[in-house]
Amino acid sequence: MVNSENIGDFYKRVPQANPYGLSLNNTGSGHFNVFSRENCSIVTPYRRRDFYKVTLLIGQGRLFFADRWILIDKPALLFSNPLIPYSWEGESQGQLGWFCLFSEAFLTPSERLGSLHESALFKIGGNPVFFVNEEQQNEISVIFLKMMQEMKSDYTHKYDVLRNLLQLLIHEAMKINPIDNYQRHHNAAERITSLFIELLERQFPIDSPGSYLKIKTPKDYALHLSVHVNHLNRAVKEFTGKTTTEHIAARLITEAWALLKHSNWNISEIAYSLGFEYPPYFTNFFKKKTGISPNEARKTFV
C-alpha cells in the first residue's frame, strides 16, 4: 500500500538510525538526526516521507519515482521532500555515505520561507539528484562527519551548529547545481503555469483509499489560484503547448500507474481516490489514455 512514512515510522523500520532513542522533538523545535548508510536497508519501500532528507549515496542502485527511475552508478546527492514518493533498490553490497533527516519545524521561520523552499534541490519540478566528483564528495563528506561529531557532543547549542551545517550542505550543493539551472519566471504566463503545476503536484500522492482528490477540474485550480479559468487555460496553453485539462489527465494517469504498481488497492478504491464517481468512468478514462484497462495494466507488473 502506498502510504506516507513519518519519522517515528522510519525509526521503527530502521532502528539502527536512532540508537540513542532521540525524541521526535529532540531539538526543542522539531527533529534532526544524521546517520551513516552502512547499516541501512539495501531496499526501501516506495512511499512518501513526511520529512526532509539529504543523502550522500555511495554505492550502485536505482532510485524509483512514480514515472521514472535513475541509475545511481557513482556518488550522488539526493534531496527528498515530503511531497515526492520514491524507493531505493541498492545493487551493490557496498552501500556507503550518510544521510541527515529533519522536520520542517527544525528550521527557523526565515529558513522555511527562504533558500530551502526556493532551492531547486527541494522544489517541485527541480532536480533532486545530481552526481558529484571526487573533490565535491570529499567536501560534502566532511560536512556530514562534522554533523555526526556534533550530534554526539554535549554542547548546549549544538542544534544551532547543526542548522548551520545543514545550511552549509545545502549551499555547497547549490554551488554544484548552478543557479542558471533554477527556474525563473520570465512572464505572467510562466508564473501562473508554474503555480498551477506546483498545485497539481501537491495533490499527489494519494496515501490511502480513504483519501481522494479535492481539486479536480481546471475551474477548481483557477479558484485556488485566484485567477479566472479562461486566464489559467490561456496561460498554460501558451507556455506549455498543452491545455490545463491535458496536464491534469496526464498526472492522473501517472498516479494511476503508480497505484496499480505499488499498492494493493482494488480498481474501485483507485478510481474513487482519483476523483472518479464510478469505477467504470475511471476504467474508460484509463483505457482511452493508455490503450489498456487498469486490470490489464496491473497484470503487466506481475
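Residues numbered from 1 in each chain as written. Predicted model: local features only at pLDDT ≥ 70, side-chain atom pairs only at ≥ 80, totals over all residues. Heavy atoms only, no water.

Q: Just checking my understanding: could you explain the overall build of the protein for this structure?
A: Broken down by element type, the protein carries 12 helices and 10 strands. At a minimum sequence separation of 6, the contacts of the protein that also span at least 24 residues come to 70%. Only carbon and sulfur atoms are counted for the fraction: they give 52% of the accessible area of the protein, which is about 15300 Å². (Helix = DSSP H or I, 4+ residues; strand = E, 2+ residues; numbered from the N terminus. Contact = heavy atoms within 4.5 Å. Areas by Shrake-Rupley, 256 points an atom, 1.4 Å probe, with all protein chains shown as cover.)

Q: Would you mind showing me how to read the nonpolar core here?
A: In summary, soluble globular proteins display a tendency toward joint burial of nonpolar side chains. Residues Tyr 221, Leu 252, Leu 274 and Phe 282 are the most contacted members of the largest nonpolar core, which totals 31 residues. Contributions of two or more residues to this core are made by α6 (188-202), α7 (218-225), α8 (229-240), α9 (244-262), α10 (267-273) and α11 (279-290). If one sorts the elements of this core by residue count, α9 sits on top with 7 residues. Leu 274 has contacts with Phe 204, Ile 206, Leu 213, Leu 252, Glu 255, Ala 256, Leu 259 and Phe 282, leaving out every residue within four places of it along the chain. (Core = buried A, V, L, I, M, F, W, Y, C linked by side-chain atoms within 4.5 Å. Buried < 20%, exposed > 50% of the residue type's maximum accessible area, 1.4 Å probe, protein only.)

Q: Quick question: what am I supposed to make of the packing of α6 against α7 here?
A: In a pair of packed helices, the angle between the axes and the distance between the axes together describe the arrangement. Close contact between α6 and α7 brings their axes to 11 Å; oriented N to C, the two are set at 110°. By the criterion of interaxial angle, the relationship of α6 to α7 is roughly perpendicular. When you trace α6 past α7, the crossing you get is right-handed. Residues Leu 195, Phe 196, Leu 199 and Leu 200 of α6 touch α7, and the partners they reach there are Tyr 221, His 224 and Leu 225. The residue makeup of the contact of α6 with α7, split by class, is 6 nonpolar, 1 polar and no charged. (Axes fitted to C-alpha atoms, helices over the stretch in contact; angles between N-to-C directions. Parallel < 35°, antiparallel > 145°, perpendicular 65-115°, else oblique. Left-handed = near helix turned anticlockwise from the far one by under 90°. Nonpolar A, V, L, I, M, F, W, Y, C, P; charged D, E, K, R; others polar.)

Q: Explain the sheet that holds strand β2 (residues 32-36) to me, please; I cannot follow it from the model alone.
A: The pairing of strands in a sheet happens through backbone hydrogen bonds and is either parallel or antiparallel. A sheet is described by the order of its strands in space; here 5 strands give the open sequence β2-β9-β4-β7-β10, paired in antiparallel fashion. Across the chains shown, the open sheet's two edge strands, defined by having one partner strand only, are β2 and β10 (129-131). The mean angle between the axes of side-by-side strands here comes to 10°, regardless of whether they run parallel or antiparallel. (Pairing = 2+ DSSP bridges.)

Q: Would you take a moment to explain the pattern of salt bridges for this structure?
A: Pairs may arise between side chains of opposite charge once their charged atoms sit close together. Considering all chains together, one arrives at 9 salt bridges under this definition. With its nearest N and O atoms 3.1 Å apart, the salt bridge here joins Glu 198 to Arg 202. Here Arg 202 and Glu 198 lie together in helix α6, a separation of 4 residues that amounts to about one turn. Here the salt bridges do not stand alone but share partners, grouping Glu 5, Arg 13 and Arg 49 into one network. (Salt bridge = Lys/Arg side-chain N within 4 Å of Asp/Glu carboxyl O.)

Q: What's the story with α8 in this structure? I'm lost.
A: Every α-helical turn comprises 3.6 residues, leaving residues that sit three or four positions apart pointing alike. For α8, spanning 12 residues, the distance from its first C-alpha to its last is 16 Å, which sits close to the expected 16 Å at 1.5 Å a residue. For α8, the secondary structure elements touched by its buried residues are α6, α7 and α9. Directly beyond the C-terminal end of α8, a positive phi value near 80° is found at Gly 241. (Expected span 1.5 Å × (residues − 1).)

Q: Is there a simple way to think about unusual backbone geometry in this case?
A: Peptide bonds are mostly trans, and most non-glycine residues show a negative phi. Here the amide bond leading from Phe 204 into Pro 205 is cis, since omega sits at 0°, within 30 degrees of zero. Note that Pro 205 resides in the loop between α6 and α7.

Q: So what exactly am I meant to see when it comes to the environment of Arg 191 here?
A: With respect to the helices and strands, Arg 191 occurs in helix α6. Between the C-alpha atom of Arg 191 and that of Phe 239, which follows or precedes it by 48 residues, the distance is 9.6 Å.

Q: Would you mind going over the packing of α6 against α8 with me for this structure?
A: Look at α6 against α8: their axes get within 8 Å of each other, and the N-to-C directions meet at 100°. Relative to α8, α6 is oriented roughly perpendicular. Residue-level contacts link Ala 189, Glu 190, Ile 192, Thr 193 and Phe 196 of α6 to His 231, Leu 232, Ala 235, Val 236, Glu 238, Phe 239 and Thr 240 of α8. For the contact of α6 with α8, the residue count by class is 7 nonpolar, 3 polar and 2 charged.

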